[in-house]
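Structural overview
The chain contents come next:
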Amino acid sequence: MFSRKLSSRTLLSNLAFSLMFVSCFALAGQASAQTATAVPVARLLGLSNSSSANSRPRRVSNEKAASAGPSLGEATEIERRAFDMTNTVRLQNNLAPLSWDPELCRMARIHSESMVRRGFFSHETPEGLHLKDRAHRVGIAHFQVLGENIAYNQGFDDPGAFTVGRWMLSPGHRANILNPEFRQSAIGVFVAPDGTVYLTQEFIAR
């Protein structure tokens, strides 16, 4: 977690959001804003698919054996903060809290690191792997519903909580966080050399 707070004149930050259910919608379009004092702003990516971002995920399944991943106790401070904030929001909306899923954390960390090292920001990898393909690749099996939020930001004291707060302002991301079908979740974070924090949030119902 970053403890140094940048002034409004020197802060350079971006937060980007996107949502992907297992139907793997394509991403297109963006809007941006920047104030004269360079305060944190967000850039939002829209969905080009004609289906609503709030539509229910399609159900899929696979038969590969699952692989172990980090426990909640092994999560980073940013990962734990984002996870705790997600459950706080669910409790405020009369939903059961999500349990931490180590396999999802492993999958999320891999995707966050891949976005940094390979220079892309999407639910689809450069070679064309979609959300369900990435789940299969890391050995996640027997799921009924799978969802994902991604984001990046820079210069915030509490990047995990900030990201969840911004996700809750986006109907699609909010729908993922408040989806009553999901039972488990995890956050995977990777910090770029310039300090930009990439976060991938996975959701699952088995």
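Presented here is a report on the structure given in the accompanying data block. The structure displayed is predicted, hence computed values, not measured ones.

1. Things to note about the nonpolar core
Judged by nonpolar contacts, the single largest core of 33 residues is most densely connected at Ile-140, Leu-146, Val-164, Ile-177 and Leu-199. If you list the elements that add at least two residues to this core, you get α1 (77-92), α2 (102-118), α3 (131-137), β5 (145-153), α4 (159-167), β6 (184-191) and β7 (197-205). Top contributing element to this core by residue count: β7, with five residues. Ignoring sequence-local partners within four residues, the contact set of Val-164 consists of Ala-82, Met-85, Thr-86, Val-89 and Ile-177.

2. Notes on the pattern of salt bridges
By the definition in use, this model includes nine salt bridges. Among the salt bridges present, the one from Arg-81 reaches Asp-158, with a minimum N-O distance of 2.5 Å. Here Arg-81 is found in helix α1, whereas its partner Asp-158 is found in the loop between β5 and α4, with 77 residues between them in sequence. Among the residues examined, Arg-81 registers a relative accessible area of 30% and is labelled partly exposed. The partner of Arg-206 in a salt bridge is Glu-103, and the shortest N-O contact between them spans 2.6 Å.

3. Let's talk about the packing of α1 against α4
Following both chains from N to C, one finds α1 and α4 inclined at 35 degrees, their axes separated by 7 Å at the closest point. Between α1 and α4 the crossing geometry is right-handed. Together, Ile-78, Arg-81, Ala-82, Met-85, Thr-86 and Val-89 of α1 and Pro-159, Gly-160, Ala-161 and Val-164 of α4 make up the contact between the two elements.

4. A short note on the packing of aromatic side chains
What the rule picks out here adds up to five aromatic pairs. Through a chain of ring-to-ring contacts, the aromatic side chains of Phe-121, Tyr-152 and Tyr-198 assemble into a single cluster.

5. Description of unusual backbone geometry
In this structure, Asn-94 takes a positive phi of about 60 degrees despite not being glycine. Looking at Asn-94, the relative accessible area reads 74%, which means it is exposed.

Scoring rules and cut-offs
Residues numbered from 1 in each chain as written. Predicted model: local features only at pLDDT ≥ 70, side-chain atom pairs only at ≥ 80, totals over all residues. Heavy atoms only, no water. Core = buried A, V, L, I, M, F, W, Y, C linked by side-chain atoms within 4.5 Å. Buried < 20%, exposed > 50% of the residue type's maximum accessible area, 1.4 Å probe, protein only. Helix = DSSP H or I, 4+ residues; strand = E, 2+ residues; numbered from the N terminus. Contact = heavy atoms within 4.5 Å. Salt bridge = Lys/Arg side-chain N within 4 Å of Asp/Glu carboxyl O. Axes fitted to C-alpha atoms, helices over the stretch in contact; angles between N-to-C directions. Left-handed = near helix turned anticlockwise from the far one by under 90°. Phe/Tyr/Trp six-rings, centres within 6.5 Å; stacked < 30°, edge-to-face > 60°.

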